[in-house]
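# Commentary on secondary and tertiary structure
As a plain string of letters, each chain reads:
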Amino acid sequence: MGRKPADLVFVSAGGDAVESFDDRFGNALRKKFPNYNIQYVKGKIPELITAGQTMDILWDSIGKTYNTLIQYGLNYDMTELMKAHNVDTSGFEPASIDAMRSMSGGGLYGLPVTADVMVTFYNKDLFDRFGIPYPKNGWTWDEAIDIAKRLTRTDGGMQYYGFSYYIDHLVRMNQLSLPYLDAKAEKATVNNDKWKGFIQTAILSQAEVPGYRDGMIRSLDGKFPGGDQFIKTQEAAIYFYQTNQLFKGMPAFNWDIAPLPVFKEAPGIGSQPYPIYFSVAKGSKYKDQAMEVIKYLTSEEFQMEASKKGLVPVLKSEVVKKAFGQESAFKGKHFEAIFYNKMAPVMTKTPYDDDVENPLKQAILNAALGTADINTALRTAEEEGNKAVLQKKTVK
């Protein structure tokens, strides 16, 4: 089954370079399946469809699943194929599988191959300079806030920031699994006490520290401190970001990682995963071969090699997790921190998430800058989100 020669075309709207695809997936697949012609095509899905591009396997992040795979009718329930090829999902971390089942109406339009998570990056030199102990496994947001307040200071003419962020994914992968919309009503649900509490704790607690907001306004063009302040200028002591930052040219300064701090109401719960799914395309002429390839990508053999290179595995296997990063340039970091917290359930996804996420991010920034109180900001975000959703529905 599936061993006949095949031309397998992989398609992604994510824009990843061919070299990146080959390094992570393509080269291993060509070695494992020498009788398959593995090709990778990137581009906008509607343009590829118009051009008559054949597609056998689509791979994209969870954030693109609705607006690529499903929107253009390329989705195919792989359940029967998986049975025929003896693919068992019991060995997977459940959050990524459950998320795809939800988007697939109970079936499975794809399988996760990697699953990024949020962690705490920290600059050990800044902690040492100011005499503050490093973050520990199991630390809470209350502890993190206290530490960050002590790190936010002016020293030697430089404004230092306790927390810095990649706000997009801190919100999108939030630990409380708070959704952007009520999926059934297709209405925004960001103006509530749960969202307010999350934002107040993880973000506004820092904006209100003396010097932080002024630094955003005077030095950062009204933006949050982020990757540049942590990596390049090293003004930020802590950076909340995804694990994939580890392997995107992190320079060799004295940094390490810790788990995300946890909320009192969700002890031991880290971020939601942000999986990359591989899906058999509905129109593929080589569904068996495509399924065989995806089965291999989710096998312990491949997951082990991927984990060694620094891709977060999707399997529960402790052996695979312990191999993480061992063949990377950063061997010796506290990689166990990546797996210390349990992954939060993935929030309910809808085709309209981006329409609500954008005004929500603006609301958070406005509240942080002090141009709007959090209640007004969230009310405005919900109103704007609902208008955007209604407009998209009208266009459809």
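Overview of the structure.

Cut-offs applied
Residues numbered from 1 in each chain as written. Predicted model: local features only at pLDDT ≥ 70, side-chain atom pairs only at ≥ 80, totals over all residues. Heavy atoms only, no water. Pairing = 2+ DSSP bridges. Helix = DSSP H or I, 4+ residues; strand = E, 2+ residues; numbered from the N terminus. Axes fitted to C-alpha atoms, helices over the stretch in contact; angles between N-to-C directions. 1 Å grid on protein atoms, 1.4 Å probe; cavity = no way out; pocket = protein on both sides within 12 Å on 5 of 7 lines; lining within 4 Å. Points joined across faces, edges and corners; volume = space filled by probe spheres on them. Nonpolar A, V, L, I, M, F, W, Y, C, P; charged D, E, K, R; others polar. Phe/Tyr/Trp six-rings, centres within 6.5 Å; stacked < 30°, edge-to-face > 60°. Buried < 20%, exposed > 50% of the residue type's maximum accessible area, 1.4 Å probe, protein only. Lys NZ or Arg CZ within 6 Å of the ring centre and 35° of its normal. Contact = heavy atoms within 4.5 Å.

## Regarding the sheet that holds strand 12 (residues 274-280)
- Here five strands make up an open sheet; going across it, the order is 2-1-3-12-4 and the pairing mixed. Of all strands in the sheet, those with a lone pairing partner are strand 2 (36-42) and strand 4 (111-116), marking the two edges. Averaged over all pairs of adjacent strands, the angle between their axes in this sheet comes to 20°, without regard to strand direction.
- Pairing between strand 4 and strand 12: five bridges, direction antiparallel.

## Looking at empty space enclosed by the protein
- Applying the stated criterion across every chain, the model contains one cavity of 30 Å³ or more.
- In this structure, the largest cavity encloses a volume near 60 Å³.
- Surrounding the largest cavity, Leu 58, Trp 59, Asp 60, Ser 61, Thr 65, Thr 68, Leu 69, Met 100, Tyr 277 and Ser 279 form its lining.
- Counting only elements with at least two residues in the lining of the largest cavity, the list comes to strand 3 (57-61), helix 3 (65-70) and strand 12.
- A total of four residues in the lining of the largest cavity trace back to one element, the largest contributor, which is strand 3.
- Looking at the lining of the largest cavity residue by residue, the classes come out as five nonpolar, four polar and one charged.

## Focus: the packing of aromatic side chains
- By the definition in use, this model includes 38 aromatic pairs.
- Note on Phe 127 and Tyr 134: the rings are 6.1 Å apart at their centroids and 70° apart in plane angle, and the pair reads as edge-to-face.
- Judged by its relative accessible area of 0%, Phe 127 falls in the buried class.
- Residue Tyr 134 is classed as partly exposed on the basis of its relative accessible area of 29%.
- An aromatic cluster of at least three residues, connected via ring pairs, comprises Phe 10, Phe 21, Phe 25, Phe 33, Tyr 36, Tyr 40, Trp 59, Phe 278, Tyr 296 and Phe 302.
- For Arg 153, the ring lying beneath its charged end belongs to Phe 130, and the centroid distance is 4.1 Å.
- Here the guanidinium or amino end of Lys 333 rests over the ring plane of Trp 255, the centre of that ring lying 4.3 Å away.

## Considerations on the sheet that holds strand 7 (residues 158-165)
- The mixed open sheet is built from five strands, whose spatial order is 6-7-10-5-11. Strand pairing shows two members of the sheet lacking a second neighbour, strand 6 (153-155) and strand 11 (255-258), which therefore form its edges. Along the sheet, successive strands turn relative to each other by an average axial angle of 30°, direction set aside.
- Across three bridges, strand 6 lies against strand 7 in antiparallel orientation. Among the inter-strand pairings, Arg 153 is bridged to a residue of strand 7, identified as Tyr 160.
- Strands in contact with helix 7 (residues 141-151) are strand 6, strand 7 and strand 10 (236-242); relative to strand 7, the strand with the most contacts, it is inclined by about 160°.

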